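Understanding the architecture of this molecule
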Amino acid sequence: MSSQEEILSDGRFSRITRDPRFWEMPEKERKVKIDKRFQAMFHDKKFKLKYTVDKRGRPVNYTSTENLRKFYALSESDSDISEGDSEELTEKIKKEKKAKPKKQADS
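Per an unreviewed UniProt entry, the chain goes by ESF1 protein and derives from Pedionomus torquatus.

**Structural notes on the overall build of the chain**
Scanning the chain from terminus to terminus reveals five helices and four strands. In sequence order, the secondary structure elements of the chain are arranged as α-α-α-β-β-β-α-β-α. Per-residue burial over the chain gives 11% buried out of 107 residues. Residue pairs in contact within the chain that sit at least 24 positions apart in sequence constitute 46% of those at least 6 positions apart. Summing over all exposed atoms, the chain offers an accessible surface of approximately 10400 Å²; the carbon and sulfur share of this is 53%.

**Observations regarding the pairing of strand 2 (residues 50-53)**
Relative to strand 3 (residues 59-63), strand 2 runs antiparallel, the two being bridged by three bridges. Residue Val53 lies in a different strand from strand 3, and its bridge partner there is Pro59.

**Details of helix 4 (residues 64-71)**
Every buried residue belonging to helix 4 is among Ser64, Thr65 and Leu68, and all of these are buried. Angular distribution of buried residues about the axis of helix 4 spans 100°; they occupy a single face of the element.

**Section: the pattern of salt bridges**
Considering all chains together, one arrives at five salt bridges under this definition. In this structure, Arg58 and Asp54 form a salt bridge, with 3.1 Å as the shortest nitrogen-oxygen distance.

**Describing the environment of Lys33**
Residue position: Lys33 is located in strand 1 (residues 32-34). Between the C-alpha atoms of Lys33 and Glu76, which are 43 residues apart in sequence, the distance is 8.7 Å. Discounting chain neighbours no more than four positions away, the residues touching Lys33 are Lys28, Ala73 and Ser75.

Conventions and cut-offs
- Residues numbered from 1 in each chain as written.
- Predicted model: local features only at pLDDT ≥ 70, side-chain atom pairs only at ≥ 80, totals over all residues.
- Heavy atoms only, no water.
- Helix = DSSP H or I, 4+ residues; strand = E, 2+ residues; numbered from the N terminus.
- Buried < 20%, exposed > 50% of the residue type's maximum accessible area, 1.4 Å probe, protein only.
- Contact = heavy atoms within 4.5 Å.
- Areas by Shrake-Rupley, 256 points an atom, 1.4 Å probe, with all protein chains shown as cover.
- Pairing = 2+ DSSP bridges.
- Arc of directions from axis to C-beta.
- Salt bridge = Lys/Arg side-chain N within 4 Å of Asp/Glu carboxyl O.

This is the structure in structure tokens:
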């Protein structure tokens, strides 16, 4: 740790702490948000591969689904519409479409 502090205190490297290119990515933005439509990729057998060695030939014991969970996250935003809400929304839209032509015909 002391060597890192020495580097940051050195005048030649002081701009690294202020330059946004060298900042760590926030945890919220590290994972790509996946819509609920694609949640099957986390448990579907088609997406699961068992690795025995890594890219350098070392033995490992993990599957591709662990990598998926590492890089992807299900989106839990409030903007997602549940099934019941979507039916109500479509009914409202239909009512609005029916109401608009009547108003235009009166003018």
